[in-house]
Amino acid sequence: QQQVKQSPQSLIVQKGGIPIINCAYENTAFDYFPWYQQFPGKGPALLIAIRPDVSEKKEGRFTISFNKSAKQFSLHIMDSQPGDSATYFCAARVGGNAGNMLTFGGGTRLMVKP
Amino acid sequence: DTAVSQTPKYLVTQMGNDKSIKCEQNLGHDTMYWYKQDSKKFLKIMFSYNNKELIINETVPNRFSPKSPDKAHLNLHINSLELGDSAVYFCASSQSGGRVGYTFGSGTRLTVV
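Residues numbered from 1 in each chain as written. Chains lettered and ligands numbered in written order. Predicted model: local features only at pLDDT ≥ 70, side-chain atom pairs only at ≥ 80, totals over all residues. Heavy atoms only, no water.

### Focus: the interface of chain A and chain B
Then, in step 1: Counting residues at the interface gives 23 residues for chain A and 26 residues for chain B.
Then, in step 2: Roughly 1800 Å² is buried in total at the junction of chain A and chain B, and carbon and sulfur atoms are behind 57% of that figure.
Then, in step 3: Looking at the side of chain A facing chain B, the largest losses of area belong to Asn100, Met101 and Phe104 of chain A, adding up to 26% of the total buried there.
Then, in step 4: For the interface between chain A and chain B, the tally reads six residue pairs in polar contact (both at pLDDT 80 or more).
Then, in step 5: Looking at the side of chain A that touches chain B, the elements with two or more residues in it are β4 (30-38), β9 (86-94) and β10 (102-104) of chain A. (Contact = heavy atoms within 4.5 Å. Buried area = accessible area lost by both parts, 1.4 Å probe. Polar contact = N/O pair within 3.5 Å; in protein donor to acceptor, adjacent residues only side chain to side chain. Helix = DSSP H or I, 4+ residues; strand = E, 2+ residues; numbered from the N terminus.)

### Quick notes on the sheet that holds strand β7 (residues 62-67) of chain A
Residues and elements named next belong to chain A.
Then, in step 1: A sheet is described by the order of its strands in space; here five strands give the open sequence β1-β3-β8-β7-β6, paired in antiparallel fashion. At either end of the open sheet lies a strand with only one pairing partner, and these are β1 (4-7) and β6 (56-59). The mean angle between the axes of side-by-side strands here comes to 15 degrees, regardless of whether they run parallel or antiparallel.
Then, in step 2: Bridging between β7 and strand β8 (residues 72-77) involves six bridges; their strand directions are antiparallel. Each residue of the ladder has a partner; that of Asn67, found in β8, is Gln72. (Pairing = 2+ DSSP bridges. Axes fitted to C-alpha atoms, helices over the stretch in contact; angles between N-to-C directions.)

### A look at the state of the cysteines
Then, in step 1: Here the structure, examined in full by the defined rule, presents two disulfides over all chains.
Then, in step 2: There is a disulfide in this structure between Cys23 of chain A and Cys90 of chain A, and the S-S distance comes to 1.9 Å. Between Cys23 of chain A and Cys90 of chain A the disulfide shows an S-S torsion of about -95 degrees. By sign, it is left-handed. Of the two residues, Cys23 of chain A sits in strand β3 (residues 20-25) while Cys90 of chain A sits in strand β9, which places them 67 residues apart along the sequence. Take Cys23 of chain A and Cys90 of chain A: they sit in the same class, and that class is buried.
Then, in step 3: Paired through a disulfide, Cys23 of chain B and Cys91 of chain B show a sulfur-sulfur distance of 1.8 Å. The S-S bond linking Cys23 of chain B to Cys91 of chain B shows a torsion near -75 degrees; that makes this disulfide left-handed. (Disulfide = S-S within 2.5 Å. Buried < 20%, exposed > 50% of the residue type's maximum accessible area, 1.4 Å probe, protein only.)

### Quick look at the pairing of strand β3 (residues 19-25) of chain B
Residues and elements named next belong to chain B.
Then, in step 1: Relative to β3, strand β1 (residues 4-7) runs antiparallel, the two being bridged by four bridges. Across the sheet, the residue bridging to Val4 is Gln25, located in β3.
Then, in step 2: As paired strands, β3 and strand β8 (residues 73-78) are joined by four bridges and run antiparallel to one another. By the bridge assignment for β8, Ile21 is matched with Leu76.

Structure, rendered in structure tokens:
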């Protein structure tokens, strides 16, 4: 059972476009929602993260929008560049004594065309 | 300096063999993890250790055994390798007690032939 559902599986945009990746969850015990970026042959790297008491967080060209009532959150990449081509993962953490375990979405392969 | 380092980066071995993957972190984190990434890129938790103690053990075959000699190291030993074990295995670390992300290693690509 996948607790964090991510869509789309793949996405192609032109340079300068704004790709949007969406995630949905069911477990209301999740208290932390990071996004990771993974380049081929590398491990995932933390990109940006948000807490459920915040509706939006922006870091550079990356923005997370969070809708607690809908249990959905999304990543927007402004002015996308070919160098942003990578696989993106959303994730969610259960608070408390669950060992800080992250549950990942299925990933989105993004290609930004020049 | 690499924060989370895994060795080897590539591992090709025959079915039935036993192999180990090593992981070390120099971030001073108290929690370490093993994740398996399949061919469809899905990341699944296998084990989590906090201060050398196992705290999460997801449903993995008991052919997989993690060993943590100290909180900076978490090794993964796999017995009787099967074709289905072929995947990329990632080690990661984090600090407990707050909303913090993981730092991942660069992965070990295991191919069982």
